[in-house]
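What follows is each chain in one-letter form.
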Amino acid sequence: MEAPQEVARPTTRVSSTKPAARRRSDLTGLIFLLPFLIAYALFLIWPIILGFRMSLFNWSLVSGGASEFLGLENYRELFGDPVFWSSMWHTVLFTLLSTPPLVLIALVLAMLVNRVTFAQWFFRFSFFAPFVLPVSVVALIWIWLFQPGYGLINSYLTSLGLGEVGWLTDENVAMITVVIVTVWWTVGLNFVLYLAGLQEIPRDLYDASAVDGAGALAQTRWVTIPMLSRTTVLVVVLQILASLKVFDQIYVMYTQGGLNYPVTRPIVGYVYDQGFTSYRVGYGSAMSYVFFVIILAVSVIWFAVARRREGNT
Amino acid sequence: MAEEYGDRGSMPARRVSRRRFLCGAAVTLGGVVASSCAPSLGIVGGTPTIKFWNLFGGGDGIRLDTMESKFRHERSHPGLQSVTLAWGSPYYTKLAMAAVGGSPPDVAIMHLSRKGAFAPAGLLEPLDPDLLSRHGIGSDKFLPRIWESAKYDGKVYAVPLDTHPFVMYYNTDICKKAGLLGPDGKLKTLEGPDDVIRAFEAAKKVTGAFGLSFYPNDPAGPWRLFYTLYSQMGGKVLSPDAKEVVLDDSKVRRVLDFMAELTLDTEVASKDSGYPDSVALFQSGKAGFYWNGEWEVTTFEAAKMPFDMVPFPDVFGGNQVQADRHSFVIPRGVDTARKEAALEFVNSMLKSSLTWAEGGHIPAYQPVATSAAYKKLKPQSNYSGVADDVVLDPVAWFSGSGSQMEIQASATFQAVMAGEITPGQGVNQFRSGLRTLIEAPRPF
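Residues numbered from 1 in each chain as written. Chains lettered and ligands numbered in written order. Predicted model: local features only at pLDDT ≥ 70, side-chain atom pairs only at ≥ 80, totals over all residues.

Within chain A, the regular secondary structure consists of 13 helices and zero strands. Computed over its C-alpha atoms, the radius of gyration of chain A comes to 26 Å, more than 25% above the 20 Å expected for a compact globule of 313 residues. When its C-alpha atoms are laid out on the principal axes, chain A stretches across 80 × 70 × 30 Å. Taken over 313 residues, chain A has a buried fraction of 30%. When contacts within chain A are restricted to residue pairs at least 6 apart in sequence, long-range pairs at least 24 apart make up 66% of them. (Helix = DSSP H or I, 4+ residues; strand = E, 2+ residues; numbered from the N terminus. Rg over C-alpha atoms; globule rule 2.2 N^0.38 Å. Buried ≥ 20, exposed ≤ 12 C-beta atoms within 10 Å, placed from the backbone. Contact = placed C-beta atoms within 7 Å.)

Structure representation (structure tokens):
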């Protein structure tokens, strides 16, 4: 049923023909989008399709083009490849170990810095500063800190009478080392997001709760954290997706500092090893597509959960 | 302010000037981008500038700079653009992709152990021996054995620069205190595994820390040590066509037992050291001996520490030692004019290989290798005889410096030396890792 034309509520218009002005403004919008859409199609959509095609062949980095058609052979090989599964596990383990500290420490830092009245800019700067460092600098700093013997951390431990820890080499400790480095490096971003979220909470909520007799802890639990829920969802999703893509710091610490690679190699690292060091781009592509499907599933599940939660509040 | 937002379609004067400014800026930016896309290598004085890729950092990089400036100052020689990339798999990945992508450097360094990957993949130009002779770098300037190692499938693909073997450094002060020096002040010859370990234990008593400095925590170190010791027993890893694993399990087991003994039983060496750590340990006198390639000689000379170098000891009944060779290669797709210029450059570099030899390497260019000046270089000339006993890595598409096989094998041996797996498990892991590589479809 058509809504009456006189009522100026464009959102309820059911008619299938738009007036000329509206069509022209749609076209203008599309033209503005076109450069980005072209770049998007060329550099994202097309490579995704091409990459999938690569994974069906014994595609090589060096012989320029498809060699033999393998069908799903690459996929069959990777499902039986123990290094693929261990690399996937390392990535998942890293995500599980790094996301809670990166979210909680950022929240605590933001809450503390928010209360500082004198020179707050200095604290914002200090906690965010590591984030702007490139990965090679971060890795180099921490490699030297974690060295056995004369490295700063081990020398402190031994001077306190404790034993040395093989931070980079010990198979039980290496992943924790990577998590420590990553937390120091990237907590700044989450911290800034939380700080912005905190500063948006209206003051009168705190005043009203104080009138009702709420102490600081109760205020945090019942005012601050619920009001931050949107920021928290954003931070957690961004963090999980970023953690799943981990590669740089592990690779640099391995090649430059002797990090125990067999127990920390992430899936992206294994794709690089196979696709680039061993020239087997087809096999590397197959692995990255399986990983892509897994990330997609995680994102879809998370967004479904987040949307349902938003619908309830 | 209302006049700024006239009805749709009409543009007030102020809006036009901002739009014009933006248009002008876009055109300027486009012009800058377009001009930077033009080929940046121009012609210097009528001859082309050649691009040279290498992986020489540290002391080697400084030597290379000296040799390159000598080339640049020679009259009428082409311009040179030298690029240094990170050692290992990052370098070979980039070199392979540059050759495939059609914009390779005109000349590049390559370890001869990688020829099994680069030559059959068609990434390198086969070099005409007559052309090389005309530039003064033909087969007569090299020993036959070295010349042959630069060939693949009968064709010449590389011009050898040096051989760089695994050697033993020792701190003369520490060894003197440990009573390991002979009456001539040189290290007494060590032979057999027990002799070697006894020497390290004596050095460890003097230093209080370690007897031997080594780098198990590295993608190449453990492989080099293993291959040296295994070859001393006469062991082979792959069949000549690289289709079969021909390991002798008992010999592999013996070597791994010895390597684990160094770090776990006698603790004369650290199981955690990475490469920079191992250099620091030896340099600061916390270890009396150092097993590494000869290329760190300038580091220790610059630190003015009392040290000397000898060939790697005969541990398992032979003098074989793992080595690799640096060589110059020309990637495919380089045109004739640039190839001629590149070969002139190679000729100049080889003539300067005495400078290169000061960095520790054994020069391949015979006029320098047999010269009196080289023989006077100490301690570099101490181990030049080793060149007869070197074993190069097995030739395969997945082997060589910075390759998947080296990385995988080193990871296995590192785990053995760290005590994470037993030597028996190490043998099995090494064998199955090799089998996986052989069975993987060759990517060209």
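Another point: the packing of helix H4 (residues 120-128) of chain A against helix H7 (residues 174-199) of chain A. Residues and elements named next belong to chain A. Where H4 contacts H7, the two axes come as close as 8 Å, and the packing angle between them is 145°. On H7, the residues that touch Arg 124, Phe 127 and Phe 128 of H4 are Gly 188, Phe 191, Val 192 and Leu 195. Broken down by class, the residue content of the contact of H4 with H7 amounts to five nonpolar, one polar and one charged. (Axes fitted to C-alpha atoms, helices over the stretch in contact; angles between N-to-C directions. Nonpolar A, V, L, I, M, F, W, Y, C, P; charged D, E, K, R; others polar.)

Once that is clear, we can look at the interface of chain A and chain B. On the side of chain B, 23 residues touch chain A, which itself brings 22 residues to the contact. Ranked by residues supplied to the side of chain A that touches chain B, first place goes to helix H12 (residues 267-277) of chain A with three residues. For the side of chain A that touches chain B, the per-class residue count stands at seven nonpolar, 12 polar and three charged.

So, on to the nonpolar core. Core analysis: the largest hydrophobic core is formed by 154 residues, its most contacted members being Leu212(B), Phe226(B), Met259(B), Phe345(B) and Val346(B). Both domains that meet at this core, namely domain 1 (43-164 + 324-386) and domain 2 (165-323 + 392-439) of chain B, each give it at least three residues. Phe226(B) has contacts with Val255(B), Met259(B), Ala409(B) and Phe413(B), leaving out every residue within four places of it along the chain. Among the nonpolar cores identified, the runner-up in size contains 13 residues, and Leu102(A), Leu107(A), Leu195(A) and Val235(A) belong to it. (Core = buried A, V, L, I, M, F, W, Y, C linked by C-beta atoms within 7 Å. Domains from an automatic or database assignment.)

Here the focus is the confidence of the model for chain B. Residue and element names in this part refer to chain B. Model confidence for chain B is summarised by a mean pLDDT of 87, while 93% of its residues fall at 70 or above. Scored below 50 in pLDDT, residues 1-7 makes five contacts in the model with residues more than four places away or belonging to other chains. Reported confidence for the predicted complex is 0.73 by ipTM and 0.79 by pTM. (pLDDT = per-residue confidence, 0-100.)

With that settled, the discussion passes to the domain arrangement of chain B. Residues and elements named next belong to chain B. What the domain assignment reports for chain B is domain 1 (43-164 + 324-386) and domain 2 (165-323 + 392-439). Taking only C-alpha atoms, the centre of domain 1 and the centre of domain 2 are 28 Å apart. At the interface, 27 residues of domain 1 touch 25 residues of domain 2. Those elements that place two or more of their residues in the side of domain 1 that touches domain 2 are helix H2 (58-73), helix H3 (89-101), helix H4 (115-118) and strand E8 (158-171). Partitioned by chemical class, the residues of the side of domain 1 that touches domain 2 number nine nonpolar, 14 polar and four charged.

On to unusual backbone geometry, then. All names here are of chain B. Between Lys 378 and the following residue, Pro 379, the backbone shows a cis peptide bond with an omega angle of 0°. Here Pro 379 lies in the loop between helix H16 (372-376) and strand E14 (390-391). The backbone phi angle of Asp 153 is positive, close to 60°, even though this residue is not glycine. Structurally, Asp 153 can be placed in the loop between strand E6 (151-152) and strand E7 (155-156). The phi dihedral of Lys 304 falls on the positive side, at around 55°, and the residue is not glycine. With respect to the helices and strands, Lys 304 occurs in the loop between helix H12 (297-302) and strand E11 (307-311). Owing to 7 C-beta atoms within 10 Å, Lys 304 belongs among the exposed residues under this scheme.

Bringing the pairing of strand E3 (residues 50-54) of chain B into the picture now. Residue and element names in this part refer to chain B. Within E3, five of the five residues are buried, which leaves it mostly tucked inside the rest of the structure. Residues Ile 50, Phe 52 and Asn 54 point to one face of E3 and Lys 51 and Trp 53 to the other, with burial holding for every one of them. Across five bridges, E3 lies against strand E4 (residues 80-84) in parallel orientation. Note on E4: the bridge partner recorded for Lys 51 is Gln 81. By the bridge criterion, two bridges tie E3 to strand E5 (residues 107-111) in an arrangement that is parallel. Directly across from Trp 53, in E5, lies its bridge partner Ala 108. (Pairing = 2+ DSSP bridges.)

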